[in-house]
Every structure is written in C-alpha cells, then in structure tokens.
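Structural features, examined
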Amino acid sequence: MDANAAARTRSIAAPIRAAWTAGRDAVARVGRLALDIALPTLCVSCREPVDGEGVCAACWAKLSFIERPYCPRLGTPFVYDPGPDMLSMEAIASPPAYQRARAAVRYDDVARTLVHALKYQDRTDLAPAMGRWMARAGGELLAGADMLVPVPLHWRRAWRRRYNQSGALARIVERQSGVRVRSEVLRRVRATEQQIGLSRAQRATNVQGAFQVSPDRQADIQGRRIILVDDVLTSGATLDACARALLRAKAAQVDVLVFARVVESGPRPI
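Attention now moves to the overall build of the protein chain. Of regular secondary structure, the protein chain possesses 11 helices and 6 strands. For the protein chain, with 270 residues in total, the buried portion stands at 43%. Of the accessible surface of the protein chain, which amounts to about 14700 Å², a share of 53% is contributed by carbon and sulfur atoms.

So, on to the pairing of strand β6 (residues 253-261). In the case of a regular strand, side chains alternate between the two sheet surfaces. Counted residue by residue, β6 has 9 buried out of 9 residues, so it is predominantly covered. Where strand β1 (residues 101-106) lies against β6, 5 bridges are found, and the strand directions are parallel. Looking at the pairing, Val105 lines up with Ala260 of β6. In this structure, strand β5 (residues 225-233) lies alongside β6, joined through 8 bridges in parallel fashion. Looking across to β6, one finds that Ile226 is bridged to Val254. Handedness of the crossover joining β5 and β6 through helix α11 (residues 237-248) is recorded here as right-handed.

The biggest cluster of nonpolar side chains holds 41 residues, and the ones touching the most others in it are Leu114, Met130, Leu148, Ile227 and Phe259. Elements with a contribution of two residues or more to this core: β1, α4 (109-120), α5 (127-137), α6 (139-142), α8 (165-177), β5 and β6. Ranked by residues supplied to this core, first place goes to α5 with 7 residues. In this view, Phe259 contacts Ala103, Ala104, Val105, Ala111, Leu114, Val115, Met130, Trp133, Met134, Asp230 and Asp231; residues no more than four positions away in its chain are not counted. Membership of the second largest hydrophobic core comes to 30 residues, among which are Val207, Phe211, Leu233 and Val254.

Of the positions making up helix α9 (residues 200-207), those classed as buried are Arg203, Asn206 and Val207. The arc enclosing the buried residues of α9, seen along the axis, measures out at 80°, which places them on a common side. Away from the buried face of α9 by more than 90 degrees, exposed residues Ala201 and Thr205 are located. Turning to α9, the residues buried within the fold contact β4 (211-213) and α11. Taken from the residues just after α9, Gly209 is the one with a positive phi, measuring 70°.

Right, let's talk about the pairing of strand β2 (residues 147-150) for a bit. Neither face of β2 is exposed, since Met147 and Val149 on one face and Leu148 and Pro150 on the opposite face are all buried. Two elements, β2 and β5, share 4 bridges in a ladder whose sense is parallel. Bridging across to β5, Pro150 finds its partner in Val229.

Size it by volume and the largest pocket reaches roughly 610 Å³. Considering the residues around the largest pocket, the lining is formed by 33 residues, among which Lys119, Gln195, Arg203, Asp231 and Thr234 are closest to the centre. When contributions to the lining of the largest pocket are tallied by element, the ones reaching two or more residues are α4, α7 (155-161), α8, α9, β5 and α11. In terms of residue class, the lining of the largest pocket is made up of 13 nonpolar, 11 polar and 9 charged. The computed volume of the second largest pocket comes to approximately 480 Å³. Lining the second largest pocket are 23 residues, with Ser235, Gly236, Ala237, Asp240 and Arg244 sitting closest to its centre. When residues in the lining of the second largest pocket are grouped by element, the largest group, 5 residues, is from α11. Split into classes, the residues belonging to the lining of the second largest pocket amount to 11 nonpolar, 6 polar and 6 charged.

Right, let's talk about the pattern of salt bridges for a bit. Overall, the coordinates contain 11 salt bridges when judged by the stated rule. Here Arg68 ties to Glu140 by a salt bridge, and the two come within 3.3 Å at their closest N and O atoms. Remark: Glu140 occurs in helix α6 and Arg68 occurs in the loop between α2 (57-62) and α3 (89-93); sequence separation between them is 72 residues. Looking at Glu140, the relative accessible area reads 34%, which means it is partly exposed. The salt bridge involving Asp109 is made with Arg112; its shortest N-O contact spans 2.9 Å. Separated by 3 residues within a single helix, Asp109 and Arg112 lie in helix α4, roughly one turn from each other.

Contact pair α9 / α11: the axes reach a minimum separation of 8 Å and the direction vectors enclose 35°. Considering only the axes of α9 and α11, their crossing is right-handed. Side by side, α9 and α11 meet where Arg203, Ala204 and Val207 of the first sit next to Ala237, Thr238 and Ala241 of the second. Its residues assigned to classes, the contact of α9 with α11 shows 4 nonpolar, 1 polar and 1 charged.

Criteria and cut-off values
- Residues numbered from 1 in each chain as written.
- Predicted model: local features only at pLDDT ≥ 70, side-chain atom pairs only at ≥ 80, totals over all residues.
- Heavy atoms only, no water.
- Helix = DSSP H or I, 4+ residues; strand = E, 2+ residues; numbered from the N terminus.
- Buried < 20%, exposed > 50% of the residue type's maximum accessible area, 1.4 Å probe, protein only.
- Areas by Shrake-Rupley, 256 points an atom, 1.4 Å probe, with all protein chains shown as cover.
- Pairing = 2+ DSSP bridges.
- Right-handed = clockwise from strand over helix to strand, strands pointing away.
- Core = buried A, V, L, I, M, F, W, Y, C linked by side-chain atoms within 4.5 Å.
- Contact = heavy atoms within 4.5 Å.
- Arc of directions from axis to C-beta.
- 1 Å grid on protein atoms, 1.4 Å probe; cavity = no way out; pocket = protein on both sides within 12 Å on 5 of 7 lines; lining within 4 Å.
- Points joined across faces, edges and corners; volume = space filled by probe spheres on them.
- Nonpolar A, V, L, I, M, F, W, Y, C, P; charged D, E, K, R; others polar.
- Salt bridge = Lys/Arg side-chain N within 4 Å of Asp/Glu carboxyl O.
- Axes fitted to C-alpha atoms, helices over the stretch in contact; angles between N-to-C directions.
- Left-handed = near helix turned anticlockwise from the far one by under 90°.

Right, dumping it as structure tokens:
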C-alpha cells in the first residue's frame, strides 16, 4: 500500500472511530438512565427513593453533626460552652495516645445504618458523602497533617470483605484536603476478635500488639504528623493501639478522624 492509499484509509477510519465512540457513549448513557429508572437509588436508612448519594433529606436531617463546643482533645460534645481549651473529665482522667480526635456525626441510628452499609453491604457509593463530612469536621487537623493512615484490616478479613472501609473514606478525605493516604505504613500483624460485645478493658486487651509499622516504612513515619482514619470511634481502643505503634516509630503526632463516634447519652461532665 502506497502512502496516498494509507492516508486515504486513515482519513476514512478516523470518522468511523469517532462515530463508533460517540455511539458507544450514547448507548452507555441510555443504559445508565434506564437502570436509574428501573432501579432508583434508595435511601440507605428509610429505603425511600432518593436523588443523590444514599441519604434522603429527611434522614439527613436526623444525622446529629458534631459542632462546637466540644472537648479539644477527644472531640466529644459539651452540653454548654465551658470556655476555650477546657478538657472533658474523660480526657483528663484517661488521655489517649493520640493527640486529638474529631468525628463528623454522633453514632446514632442513621449513622449506624450508613456505617454498616459501607462496611458489610458493599455500599462504597456512600463513601464520598461520608468522607466529605469527615474532611469538614477535621479541617483543623488536616491543615497541619503530613499523611492519612487508614486503620488496617488483617489480611484474612480484608480478603473476605474485598476492601477496607477506612481506606475508602481516607481516599475521599485525601481528595478533599490534598493530604496523601499512606495505607502501606501500618499493618495489622495479628488477627483479633470483633470488638462488638466486648467491654472497654477487653477491647484494649484484644488489640494489644495487633498493629505494627512496616519495617521498611519507619523512615517515612519519623517526625511526621499523622491522621488515623476510621469509620467509628467507640471506646478508642483500636485507634489508641494504632497511635501507639506509630508513636513508637517516632511519629511527631498522631490525630484521629472518624465518620462517627459514640457519645454517651445524658449530660457529659466537663
């Protein structure tokens, strides 16, 4: 084939490829529209049809977002404003290894449904909204952070679930803040029992020695300000164990950012 013939072939093929690509994209759009009509997105909480990311307006209004005033160390909300830098009794009596904790919402019924859907029902479509709320709640932490480290799963549990919900949330926070995710620096070296149903003391014992900084990542940790990312803060035992592992590797500071945290009912002492 001479050069002129090859040029003519290319000139004919180019519009054919363009038309095929346009047709393929049109078919995909029609397919997505048909799927949305046939299977409308349902609110993960009340199961009503919703135009958005998994939560209808009524259930969104039921989420209890954590706003100031709260304990500057633990992020637990106060019933009234005690003044700047006033710590809660819990933070004074039993300070954690991590420096500060922040959560987007209280762990109530709607928040629990969101977390369980993300964690156990493959609803990764919920991560963008949840991660954006976390980035908003953790703005002061993110401003000075060097990296985000999601709480790791043991490899057997990660294999069963196929993904780590903490990593999914961390990637959205990374997108919102520009702080890089470094999921490889921390490992869960020992399989642990589920924390559900364990007492505070049992939770601490369960995760003792379960986390370790990867030996080849020690230098990446030294002198860095790190934010641990998880879905829920209950007793704080898991996050405390992770923070201790990072601090042993000479991290400068470890903070915590979660989607939801358990807040005891009734007035909290100052």
